[in-house]
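Descriptive analysis of the structure
Residue strings, one per chain:
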Amino acid sequence: MPADRHKKSSKYTIDRGMPGAFEGETVTRRAFMNVTAQTAGGLAAAAFTLPALAFALGPIFKRVPFEWQIIGTPADFTETQYDAKVLTIVDGIGEAGKALAYVRKRNPAIDNIGTQDKFNQYIALSSRCAHLGCSVRYVEAAERFVCPCHGGVYNFRGQVAGGPPVRPLDRFYTFEHDGYVYIGPRYSVNSELQRFSPRDPAEPLDGIGQYLYPSRFDTSVRPPTNNLPLPPTIPGS
Amino acid sequence: MHPVDAAVEGGLTVVDWIDERTQLSPGLRWMLFRKVPKGINWAYTLGSATLFVFLNQAVTGVFLAMYYRPDVNGGAYESIRNINDNVFLGQFVHGMHKWGASVMVVLIFLHMGRVFFFGAYKYPRELTWIIGVVLLILTMAMGFTGYLLPFDQRSYWASIVGININGTGPFIGPYLSDFLRGGPEFGATTLSRFYAIHMMLIPGIMAALIGFHLYLVTKLGISAPPWIRATQPAALTETVEV
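Residues numbered from 1 in each chain as written. Chains lettered and ligands numbered in written order. Predicted model: local features only at pLDDT ≥ 70, side-chain atom pairs only at ≥ 80, totals over all residues. Heavy atoms only, no water.

With that settled, consider the overall build of chain A. Looking only at helices and strands, one finds four helices and eleven strands in chain A. In terms of overall dimensions, chain A is more spread out than a globule: its C-alpha atoms have a radius of gyration of 31 Å, far above the 18 Å expected for 237 residues. Across its three principal axes, chain A shows a C-alpha extent of roughly 100 × 50 × 30 Å. For chain A, the proportion of its 237 residues judged to be buried stands at 38%. Of the side-chain charges in chain A, 26 are positive and 22 negative, and the distance between the mean point of each set is 8 Å. (Helix = DSSP H or I, 4+ residues; strand = E, 2+ residues; numbered from the N terminus. Rg over C-alpha atoms; globule rule 2.2 N^0.38 Å. Buried < 20%, exposed > 50% of the residue type's maximum accessible area, 1.4 Å probe, protein only. Lys, Arg positive; Asp, Glu negative; His and termini not counted. Charge placed at Lys NZ, Arg CZ, Asp CG, Glu CD.)

Moving on, we get to the packing of helix 4 (residues 75-85) of chain B against helix 5 (residues 90-117) of chain B. Residue and element names in this part refer to chain B. Put simply, helix 4 and helix 5 touch, their axes get as near as 5 Å, and they point 115° apart. Looking at the two axes, helix 4 sits roughly perpendicular to helix 5. Residue-level contacts link Ile80, Ile83 and Asn84 of helix 4 to Gly90, Gln91 and His94 of helix 5. By residue class, the composition of the contact of helix 4 with helix 5 is two nonpolar, four polar and no charged. (Axes fitted to C-alpha atoms, helices over the stretch in contact; angles between N-to-C directions. Parallel < 35°, antiparallel > 145°, perpendicular 65-115°, else oblique. Contact = heavy atoms within 4.5 Å. Nonpolar A, V, L, I, M, F, W, Y, C, P; charged D, E, K, R; others polar.)

Residues and elements named next belong to chain A. Tallying each qualifying case throughout the model produces one disulfide over all chains. The disulfide that involves Cys134 links it to Cys149, with 2.1 Å between the sulfurs. Its S-S torsion of approximately -95° makes the covalent link between Cys134 and Cys149 left-handed. On the criterion of sequence distance, the pair formed by Cys134 in the loop between strand 4 (122-126) and strand 5 (137-139) and Cys149 in the loop between strand 6 (144-146) and strand 7 (153-154) is long-range, its members being 15 residues apart. In this structure Cys129 is not part of a disulfide, and its nearest cysteine sulfur, from Cys147, lies 3.7 Å away. Classification of Cys147 as buried rests on a relative accessible area of 5%. (Disulfide = S-S within 2.5 Å.)

Here the structure, examined in full by the defined rule, presents 15 salt bridges over all chains. Between Glu185 of chain B and Arg186 of chain A there is a salt bridge, with the nearest N and O atoms lying 3.4 Å from each other. Of the two residues, Glu185 of chain B is situated in the loop between helix 8 (173-181) and helix 9 (188-220) and Arg186 of chain A in strand 10 (residues 180-189); the pairing between them involves two chains. Residue class for Arg186 of chain A comes out buried when judged on its relative accessible area of 8%. Between Arg181 of chain B and Asp178 of chain B there is a salt bridge, with its nearest N and O atoms 3.0 Å apart. Of this pair, Arg181 of chain B and Asp178 of chain B both sit in helix 8, three residues apart, which is roughly one turn of that helix. Exposure class is identical for Arg181 of chain B and Asp178 of chain B. Each is buried. What emerges from the salt-bridge pattern is a single network uniting Arg128, Arg167, Asp170 and Arg186 of chain A together with Glu185 of chain B. (Salt bridge = Lys/Arg side-chain N within 4 Å of Asp/Glu carboxyl O.)

To continue, consider the interface of chain A and chain B. Tallying the contact residues gives 31 residues for chain A and 29 residues for chain B. Summed over both partners, the interface of chain A with chain B comes to about 2400 Å²; 61% of that surface belongs to carbon and sulfur atoms. Inspection of the chain A/chain B interface yields three salt bridges. Taken together, the links from chain A to chain B amount to twelve residue pairs in polar contact (both at pLDDT 80 or more). Only helix 3 (27-57) and helix 4 (209-212) of chain A provide two or more residues apiece to the side of chain A that touches chain B. Residues belonging to the side of chain A that touches chain B are distributed by class as follows: 19 nonpolar, six polar and six charged. (Buried area = accessible area lost by both parts, 1.4 Å probe. Polar contact = N/O pair within 3.5 Å; in protein donor to acceptor, adjacent residues only side chain to side chain.)

The subject of this paragraph is the packing of aromatic side chains. Within the structure shown, the criterion is met by 29 aromatic pairs over all chains. Geometrically, the ring pair formed by Tyr138 of chain A and Phe156 of chain A is tilted, given 6.4 Å between the ring centres and 55° between the ring planes. You can see Tyr138 of chain A sitting in strand 5 and its partner Phe156 of chain A sitting in the loop between strand 7 and strand 8 (160-162), a full 18 residues away along the chain. The same class applies to Tyr138 of chain A as to Phe156 of chain A, namely buried. Ring centres of Phe151 of chain B and Tyr156 of chain B lie 6.1 Å apart, and the angle between their planes is 90°; on these two criteria the pair is classed as edge-to-face. With relative accessibility at 11%, the residue Phe151 of chain B sits in the buried group. (Phe/Tyr/Trp six-rings, centres within 6.5 Å; stacked < 30°, edge-to-face > 60°.)

Given below as structure tokens:
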């Protein structure tokens, strides 16, 4: 037995009968060559795999810019009726990049809960259902928003009145300046209409919902209110 | 020499030439001429049927890609309309791909049911089952990504809903839906992203896994139906050309 153990612990590969052993090659040298070759292969594979992976995941971390868009003048909107306005949320892809907002003037009697500042003097509700993202339709006679896909219903303030949606309709920042009403990026609200960064549909914001569905890196933030886009020129003037 | 004999001779020469250099024929013989248990029936062909539907999807998909344009600004829809209305046999090849997708899902579940109810997933075939489940998930992912490509109203809204369902996963959901869209909103890269996943990423993984699945089937052999009792092992096997 002792002789056998001694043979096993020899530092030469040739004594251990390893394949490809040659005179003077030690086990340490063999292990070093092994690790070096494997590392070189791993580095070469990582050199194209990691950039490709980062390339695919990159958009998650990239903040998408957004500009204020003009949707009308203060005279266009009332406190009691919603006007449907089309805005562009993704440039250059035609209809797929458009979104619909239902806009009215803020009514202090009913719009008195949630975040209050100069960016909600016009209430602009997104038509994107908070259940799974279909387009809701405003039914004037019922003063309700109704989703055709799974029966979500929202009241006049956009809060859930029935069906599967988990939070009120998203809103857009609005801003009145120089006789024009500007519309900005989307934000989400909880059932108390408090403002949160935009979440995808079906992600609740009440209770632990806001922690289960954290804020994302790539959503548009409210742009600064200087350098607003100029209103279109009136033809003939 | 008769011309037919000469042609046969020539063909054999070519095959021999290749086989001498590749030594493929023992492997092919190992794969194709193997012992199968007594009592197997038509239910045992569901796996092969699924394989042929996969090949159908692969071939029709490659040729659809010759006419398809993943352009989110109306070009995708127009290219599909062109395939259906103008291209010779376009509607047929598109139909084979579209209906083949449903047939594949149906066959997978039938195949899975056969394996489950016959107990064929048990030792030593657990890994074959696990790979099969991964293949099922990948097939679902193919269905999900392929559904968007015609880019009509149904595709668009189904994908919006599907992506948002992905977003409901706690903690990683929001980032998963961002990854699928390639950003916070459905955009220009969403369609090309789905297209690349649908026609390159998943098919490559699936082909490799199907190869491994078939290797395991051949290596471990086919399980006997549960009603065949292994009382006389010698008498229970016969050599059948499959």
